[in-house]
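In case you want the letters, here they are:
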Amino acid sequence: MTTRRTRPAPRPPEGTPPRTELARQARAVLADAVRIAHWAAGTPGPGTAPLAAHALERAATALELSPAQVRAGWDRARLAGLIELHGDTARPGWRLRAWDRDDSAVLRGWVALFDAWSLVHAAPADIEAGAVAEAVEAVPQVLSLLQLSAGPVTVPALLDLLGQRVAELQEERCEVPLGPGRTAPAPAETAARAGTAESAAGPARSADLNALLLDWALEGLAAVGALTLGKGHATLTPLGNWAVWVKLEQICVAAQSPAGNIEQSAADMLLGCARLTPGPARAEYRAWLAARTVGSAVAELLAVARGEDALLRGLAFEALRVVGAPAEPEVRAVLAEPSLRPYALLWLAEYEGNDPDDAQEVLSREEATWLWVDTAAAVADHGETGLLVRHLDSAVQGTVPALLDEVRAVGHPRTVQVLVALAAAHPDPALAKAVRRAAFQVHTGGA
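Along every chain, residues carry numbers that run from 1 in the direction the sequence is written. Note on the predicted model: pLDDT of at least 70 is required for a residue's local features to be given, and 80 or more for side-chain atom pairs to be given and counted; whole-chain, interface and lining totals, by contrast, use all residues. Based on all heavy atoms of the structure, the side-chain values leave hydrogens and waters out of the count.

Q: Tell me about the sheet that holds strand β5 (residues 233–236), and please be specific about residues and values.
A: For two strands to pair, DSSP has to find at least two bridges joining them. Runs of H or I in DSSP of at least four residues are treated as helices and runs of E of at least two as strands, each being numbered from the N terminus. Pairing within the open sheet is antiparallel, and its three strands lie in the order β3-β5-β4. Where the open sheet ends on each side, the last strands, each with one partner, are β3 (153–154) and β4 (227–230). Two residues qualify as a contact provided that any one of their heavy atoms is within 4.5 Å of a heavy atom in the partner residue. Convention adopted: a line fitted to C-alpha atoms gives each axis, helices being fitted over their contacting stretch, and angles between N-to-C directions are expressed from 0 to 180 degrees. With respect to the sheet, helix α8 (residues 129–149) is in contact with β3, β4 and β5, its orientation differing from that of β5 by roughly 75 degrees.

Q: Kindly report on the pattern of salt bridges, identifying the contributing residues and their values.
A: Criterion for a salt bridge: a side-chain nitrogen of Lys or Arg within 4 Å of a carboxyl oxygen of Asp or Glu. The final tally for this structure, using the stated rule, is twelve salt bridges. A salt bridge links E168 to R165, with the shortest nitrogen-to-oxygen separation between them at 3.0 Å. Taken together, the positions of E168 and R165, both in helix α9 (residues 155–173) and three residues apart, correspond to about one turn of that helix. Three labels apply to residues, based on accessible area from a 1.4 Å probe with only protein chains included: buried if under 20% of the type maximum, exposed if over 50%, partly exposed otherwise in between. Owing to a relative accessible area of 39%, E168 belongs among the partly exposed residues under this scheme.

Q: Please set out the confidence of the model for the chain residue by residue, giving values where relevant.
A: The pLDDT value tells you how sure the predictor is about a given residue, anywhere from 0 up to 100. Summing up the model confidence of the chain, the mean pLDDT is 79 and the portion of residues at 70 or higher is 82%. Confidence, expressed as mean pLDDT per element, reaches its minimum in the chain at helix α10 (residues 187–201) with 39 and its maximum at helix α1 (residues 19–29) with 93. Scored below 50 in pLDDT, residues 1–8 makes four contacts in the model with residues more than four places away or belonging to other chains. For the stretch residues 175–205, pLDDT sits under 50, and the model shows five contacts to residues farther than four places along the chain or on other chains.

Q: Residue-level account of the side chain of H412, with values.
A: By the secondary structure assignment, H412 is in the loop between α21 (400–410) and α22 (415–425). Taking the relative accessible area as the measure of exposure, H412 reaches 5% and is therefore buried. Of note is the side chain of H412, whose polar atom sits 2.8 Å from the side chain of D374. A polar side-chain atom of H412 sits 2.9 Å from the main-chain amide nitrogen of R414. Setting aside residues up to four positions removed in sequence, H412 forms contacts with W370, V373 and D374. What qualifies as a polar contact is a pair of N or O atoms within 3.5 Å, subject to a donor-acceptor requirement within protein and to the restriction that residues adjacent in sequence count only when both atoms come from side chains.

Q: For the environment of A80, give the residues involved together with the corresponding values.
A: Relative to the elements of secondary structure, A80 occurs in the loop between α4 (67–79) and β1 (83–86). Judged by relative accessible area, which is 0%, A80 ranks as buried. Residues A80 and F114, 34 residues apart in the sequence, show an inter-C-alpha distance of 8.7 Å. Once residues within four sequence positions are removed from consideration, A80 is found in contact with L30, R95, G109 and A112.

Structure representation (structure tokens):
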């Protein structure tokens, strides 16, 4: 049975250079980053980010660059996936190894840098973090206007759009649910409050803040090669125009997704993908991710992973595999959380190039046992009893008595429920009895 393509493959806007030319431009933008990545990969102990002072001096001397250029190139190399840090050791990322021969790897590396423009060009220190976050969330609309205009757009027009989008975001976040006994304010009261708040905040100050944020955003996008700045106007570069078009196409494809998960929360989206095979599930993850900023999507997925549903925990990390390099710092940061550590270790092992079949070797015996219980909890909650019985074969212990001993000691909060479900599902009466006994001992705190 074959599946017909319901939508023809989209073509870039007329005038878009071929991929070989786009890749050449991306290589030019990241030229210093590539040089620094090669230097770091071949130098023992270059230091963690930010680049250690002694390594900064060595790199500047070896590459004949200023310290500021080295620091900027180092950050870009990390954000583009050209280098990966493992403790104090920098290793070449897979994109660096493929850089000279694979145009797709080059373009993906540049898009990763493009997505991280707000990290490349730091926001002014005196601006509140919330205002900066709103501006970052509003920038896709600014980029869409630039892309649709297919030429220079004046700064006042961009400022007007940014202000409108920020106002929409603020309005969306100010919807406070009414508590018991509260009634909605009358329209006149609402208008009066709005007028008072506007007078207190000062509309001129708001406009000045938006202008400052727009300048910062345009400078950041120019710094990664997405646009050029003229006197009072901005224009997308061919690279920037192509990247915005790709992201708009991803959203259009997502809107036509048969599973329709683009507007769902992370938890609902993951549940909607639970019955899909890996290929279609990854397509749904990409569609959902394309409609969100990387940072907010990763944060939402990790929040779901911290919940009580073990199935969603595993699926959240599957979706994070689709995110790739931009998720690496956040995934590494959850290694200290016991419930997420096994998943994070496996994610990082695969991200660093280990074969998925061999990735389990990075887990300690205790971590592997905890993951076995967590996976069993997911199967017990959402799967079939036969799957739970077959799940016994995946335990690292090799024998049921050894498994039960270590499961009792691992301290997973779902241990009792998992063992009870396994005892009810297993066809061997003697084994089922032993599992029930273990469940009772965990429940009562016995040995």
